[in-house]
Amino acid sequence: MSATPQGPEAVSNDAARGSLDTPVAGSGKVARLLRDASGRIDLKSLDFQALQNWVRDELHEKPFRARQLWKWMWQKGARSFDEMTDLARPLRERLSALAFLPFLHPDLILKSDDGTMKFLWRLEDGFVIESVLIPDDGRLTLCVSSQVGCAMACTFCLTGDIGLRRHLKASEIANQALQVQRQLPEGTRITNLVMMGMGEPLHNLGQLIPALRICLDDDALNFSHRKVTVSTVGLVPRMAELAAALPVNLAVSLNATTEEQRRAIMPITRKYSLEELLEACRQFPMPRHKRITFEYVLLAGHNDSLDDAERLCGLLRGIPAKVNLIPYNENPDRPLRRPADAVIKAFQHYLLQKGMNTSVRATRGLDISAACGQLGKARQQAIDQGWLDDARRIAGLPTEPR
Ligand code: SF4
């Protein structure tokens, strides 16, 4: 048994890291999962407009049925059509013959000493993905995955080691928020969603957009667009497509101040240069008083000097920006090191005294491998270290998945 996602048709890393302009193998696989073997449609991967069309064209029902179905799926979290008691039985039977309602199967739930929780979900084809819930200063932020693995191969990130296995369906993205929310005590609500889990969200824009529409709709998951953030390594053309589709916050994973330095840790820079990325940020339509978040993983001896801090200020000049410094979370597999606290402080101090809105991200969930750049290997660690069954028992889950 392996915890790194090993589905039936795992895509090789090299194939997955091919051109972003051509469909990756992950796209074909996710397309196949949108209908099951009997041709039934995954109803939870449709946004409301698509659901309305389906109700009209395939279910041949009145438009109000779409709103009924939508609320049952996303407000009430119905797991089957039989629960939809205000629909007549013959209609429920027809729905069951034409469509299905996918859910994520809880595989493992881990709780950190600092209150951070990590949820591992088993998908219908056997892959495992992770979401992380972070309580912080009155906020409850859910970090959501958008792909199984990732094609971007950033050197500081363990998820990149997996390569891209497939994109997630819209239902698999939005169900992370729905299912975590339903596990919380009455009156507790996820306040913020960040698309910063496993995967590069803009690489899966086709499924990300309907998933975000589900998250933002008043009659579905009802998150404010001000509380939803999409992170990207800088897939330049897709940044504009995202902005045209939805008004959400943007976070850019920058991590370097020269082309050469960025290319060394983020292969995407070979396709879209730092200069092109910053120009796309300048063009990104931001509401007044809003800023693009620039994430900057601080790596000792690589990008943590005061010269870097000075260049960073220069690069971001003219962009409504805030900088989130992320001291690297060390991993025994990597030669990369976290800078000393004094270096981190000096870097932040330089930016602050230049008037740059800057924060240092507190490391959260380190003891359960839930911190930044650590997602995708928890299950394998649990197996290797022999505590998978115990952890499943503690979480109230059967020791044999499903
Ligand atoms: S940092 Fe993000 S984009 Fe880069 S490899 Fe990790 S998951 Fe992918």
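Conventions used here
Residues numbered from 1 in each chain as written. Predicted model: local features only at pLDDT ≥ 70, side-chain atom pairs only at ≥ 80, totals over all residues. Axes fitted to C-alpha atoms, helices over the stretch in contact; angles between N-to-C directions. Helix = DSSP H or I, 4+ residues; strand = E, 2+ residues; numbered from the N terminus. Parallel < 35°, antiparallel > 145°, perpendicular 65-115°, else oblique. Left-handed = near helix turned anticlockwise from the far one by under 90°. Contact = placed C-beta atoms within 7 Å. Near = placed C-beta within 6 Å. Nonpolar A, V, L, I, M, F, W, Y, C, P; charged D, E, K, R; others polar. Pairing = 2+ DSSP bridges.

S.K.: Got a sec to walk through the packing of helix H9 (residues 236–245) against helix H11 (residues 274–283)? Specific residues and values, please.
M.R.: Two packed helices can be described by the angle between their axes and the distance between those axes. It is the contact of H9 with H11, at a shortest axis distance of 9 Å, that shows an interaxial angle of 15 degrees. With respect to their mutual orientation, H9 and H11 come out roughly parallel. Between H9 and H11 the crossing geometry is right-handed. For the pair H9 and H11, contact is made by Val 236, Met 239 and Ala 240 and by Glu 276, Leu 277, Ala 280 and Gln 283, respectively.

S.K.: Please provide a residue-by-residue account of the site of the ligand, values included.
M.R.: Taken together, the neighbourhood of the ligand is formed by Cys 150, Met 152, Ala 153, Cys 154, Cys 157, Thr 159, Gly 160, Met 198, Gly 199, Glu 200, Val 233 and Ser 253. Its residues placed into classes, the shell around the ligand shows 7 nonpolar, 4 polar and 1 charged.

S.K.: So what about the sheet that holds strand S6 (residues 139–143)? Which residues, and what values?
M.R.: Strand order across the open sheet formed by 10 strands is S3-S4-S5-S6-S9-S10-S11-S12-S13-S14, with mixed pairing between neighbours. The outermost strands of the open sheet, each flanked by one partner alone, are strand S3 (105–111) and strand S14 (357–360). On average, each strand axis in the sheet is inclined to that of its neighbour by 20 degrees, with strand direction left out of account. Two elements, S6 and strand S9 (residues 192–195), share 3 bridges in a ladder whose sense is parallel. Residue Cys 143 lies in a different strand from S9, and its bridge partner there is Val 194.

S.K.: Can you tell me about the packing of helix H12 (residues 306–316) against helix H13 (residues 341–353), naming the residues and giving the values?
M.R.: Two elements in contact, H12 and H13, have axes whose closest approach is 9 Å; the angle formed by their N-to-C orientations is 30 degrees. Looking at the two axes, H12 sits roughly parallel to H13. As H12 packs across H13, the resulting crossing turns out to be right-handed. Residues Leu 306, Ala 309, Leu 312 and Cys 313 of H12 touch H13, and the partners they reach there are Ala 346, Phe 347, Tyr 350 and Leu 351. Taken together, the residues that form the contact of H12 with H13 break down as 8 nonpolar, no polar and no charged.

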